[in-house]
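Survey of secondary and tertiary structure
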Amino acid sequence: MTTDEAVKIFSEIEACPPLMRSKARAVHIGKEVDWTATFFSGEMENEKRAFLAFRHEVSDKMIFVRASLADYPWLQSAQRGEPVRLRGRISKIGPLTIDLEGVSLTQIVEAAH
């Protein structure tokens, strides 16, 4: 699922009447995604695991993931706005957020100008 598909998901959900949106969200749970987003913020949940927030610029939504710092040591020095490739499975969709599970993160290093 591409980044454009994230916009499509939210557009479909927002097009539904408010009390039908939870049913529309449920249709997308479990879908595999491959999106580019920017690092926004993070909090350590314990010594090894972090809760991370990424901003999905195209849809203006937040994407939440949990990741091990041992698997992604570069996260420790990540700054707000740095691009990251997120691959995973949608586990929850809220009005402004998407939670992913089974996530693989790839740091996108932009070429110097």
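Coordinates for the structure precede this section.
A few points on the structure. In this text, all values refer to a predicted model and were calculated from it rather than measured experimentally.

What follows deals with the environment of Asp60. Residue placement: Asp60 occurs in the loop between β2 (49-56) and β3 (61-68). Residues Asp60 and Val27, 33 residues apart in the sequence, show an inter-C-alpha distance of 21 Å.

Let us look at the pairing of strand β4 (residues 83-93). Judged from the 7 bridges that link them, strand β1 (residues 32-44) and β4 form a sheet pairing that is antiparallel. Bridge assignment links Glu32 to a residue of β4, and that residue is Arg89. Across 8 bridges, β4 lies against strand β5 (residues 97-107) in antiparallel orientation. When the sheet's bridge partners are listed, Val84 is paired in β5 with Gln107. Linking β4 to β5, which pair antiparallel, is a turn of 3 residues.

Conventions we followed
Residues numbered from 1 in each chain as written. Predicted model: local features only at pLDDT ≥ 70, side-chain atom pairs only at ≥ 80, totals over all residues. Heavy atoms only, no water. Helix = DSSP H or I, 4+ residues; strand = E, 2+ residues; numbered from the N terminus. Pairing = 2+ DSSP bridges.

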